[in-house]
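# Observations on chain architecture
These are the residues of each chain, in order.
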Amino acid sequence: MSSHARGKELIPLLSFSHQKQQPNLSISSTTKMNKKNPDQKSDMSSSSSSPKKQTLFISSLIILWYTSNIGVLLLNKFLLSNYGFKFPIFLTMCHMSACAILSYVSIVFLKLVPLQYLKSRSQFLKVATLSIVFCASVVGGNISLRYLPVSFNQAVGATTPFFTALFAYIMTFKREAWVTYGALVPVVTGVVIASGGEPGFHWFGFIMCISATAARAFKSVLQGILLSSEGERLNSMNLMLYMSPIAVIALLPVTIFMEPDVMSVTLTLGRQHKYMYILLLVNSVMAYSANLLNFLVTKHTSALTLQVLGNAKGAVAVVISILLFRNPVTVMGIGGYSITVLGVVAYGETKRRFR
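What you see is a predicted model; the values in this text were computed from it and never measured.

Attention now moves to unusual backbone geometry. Here the phi dihedral of F173 falls at roughly 60°; this positive angle occurs in a residue that is not glycine. Residue placement: F173 occurs in the loop between α5 (160-172) and α6 (178-196). Note on F173: relative accessible area 66%, which makes it exposed. A positive phi angle, close to 55°, is found at R326, a residue other than glycine. Tracing the backbone shows R326 in the loop between α11 (303-325) and α12 (331-353).

Printed below as a string of structure tokens:
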């Protein structure tokens with residue numbers, strides 16, 4: 001047989017064999033697709049679980065933020081009023097020392113946030129000014145805890161929006177809608193009512209508490225003015241990194257002058273109570289944790305969420321403090337505090353709507 005004839009016979013055979021192999025190819029491709037399906041299912045399950053992980057993470061942050069904020073407040077009260085450690089300025093210096101050390105570790109070594117540098121002497125002076133005002137607010141708050149129950153301290157502290165609006169108007173001529181200012185009326189009215197119904201009212205403690213609240217609001221407005229340019233703006237973690245050492249340097253001579261026997265009394269208390277130094281250390285670390293978690297909650301939620309959580313935190317702190325310290329409360333005091341909190345909520349809502 002000629003080679004030409006053989007070629008004609010081979011062509012049908014090849015085409016037939018090719019047709020027979022095609023089902024095998026389709027089966028193998030289907031098998032491959034089936035093999036891929038488990039991976040696709042796992043991707044879908046992981047994508048559906050990621051929002052759950054995010055929710056769990058944010059919930060954990062909020063719980064830790066509540067714990068650190070309320071914990072440092074109650075521990076301050078315990079140390080200053082019940083434990084015999086009557087040195088609020090030295091206690092504030094311990095807080096600032098912990099904030100300085102732990103801020104440096106968190107930013108430089110752990111790199112939780114990028115390190116921002118101070119670029120000029122002018123920027124340094126602005127940060128130093130903020131640090132002094134911040135010190136005044138913390139010291140005033142700690143002094144007030146020696147004389148006032150935590151519940152009343154929180155009621156007065158809830159008037160921060162009133163002072164913020166006042167200083168913003170005086171310093172920046174920033175005006176809000178009249179409805180927004182109207183919402184501040186119950187904020188102040190509630191504190192007046194709570195003051196009249198507070199069995200443990202103390203004039204000096206009240207003056208210190210209201211001064212600390214005003215200083216906190218002043219610092220907030222001043223920060224917006226001094227660090228308003230893009231090149232000078234610092235996030236709260238870097239601001240804490242630079243403010244804390246300045247605060248320690250500023251508080252050291254004040255402590256020596258106004259609390260000269262702090263070291264001898266602290267050493268005596270340390271010998272009498274074996275947990276004295278541990279309490280001071282835990283208290284100082286919690287003061288830093290409150291600032292760190294405040295930054296993280298704001299980063300992962302929003303400023304509005306933080307404001308709402310802050311209002312609820314005050315109420316939780318009041319309930320826990322009453323249960324722990326058994327300080328007497330009256331219906332008038334509870335009513336006044338409730339009016340203040342509702343006023344703060346109304347103020348935040350009207351400010352958001354009429355922005």
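It is at 8 Å that the axes of helix α2 (residues 88-109) and helix α10 (residues 276-300) come closest, and there the two elements cross at 60°. The angle between the axes of α2 and α10 places the two elements in the oblique class. Of the two elements, α2 crosses α10, and the hand of that crossing is right-handed. Of the residues in α10, those touching α2 at L91, C94, H95, A98, C99, L102, S103 and S106 are L280, N283, S284, V285, A287, Y288 and N291. Looking at the contact of α2 with α10 residue by residue, the classes come out as 9 nonpolar, 6 polar and no charged.

Moving on, we come to the packing of aromatic side chains. Under the defined criterion, the tally for this structure stands at 14 aromatic pairs. Considering the side-chain rings of F162 and F163, the 5.2 Å spacing of their centres and the 75° angle between planes classify their relative orientation as edge-to-face. Classification of F162 as partly exposed rests on a relative accessible area of 29%. Taking 5.4 Å as the distance between ring centres and 70° as the angle between the ring planes, the aromatic pair formed by F167 and F218 counts as edge-to-face. With F167 in helix α5 and F218 in helix α7 (residues 203-226), the pair connects residues that are 51 residues apart, well separated along the chain.

What counts, and where the lines are drawn
Residues numbered from 1 in each chain as written. Predicted model: local features only at pLDDT ≥ 70, side-chain atom pairs only at ≥ 80, totals over all residues. Heavy atoms only, no water. Helix = DSSP H or I, 4+ residues; strand = E, 2+ residues; numbered from the N terminus. Buried < 20%, exposed > 50% of the residue type's maximum accessible area, 1.4 Å probe, protein only. Axes fitted to C-alpha atoms, helices over the stretch in contact; angles between N-to-C directions. Parallel < 35°, antiparallel > 145°, perpendicular 65-115°, else oblique. Left-handed = near helix turned anticlockwise from the far one by under 90°. Contact = heavy atoms within 4.5 Å. Nonpolar A, V, L, I, M, F, W, Y, C, P; charged D, E, K, R; others polar. Phe/Tyr/Trp six-rings, centres within 6.5 Å; stacked < 30°, edge-to-face > 60°.

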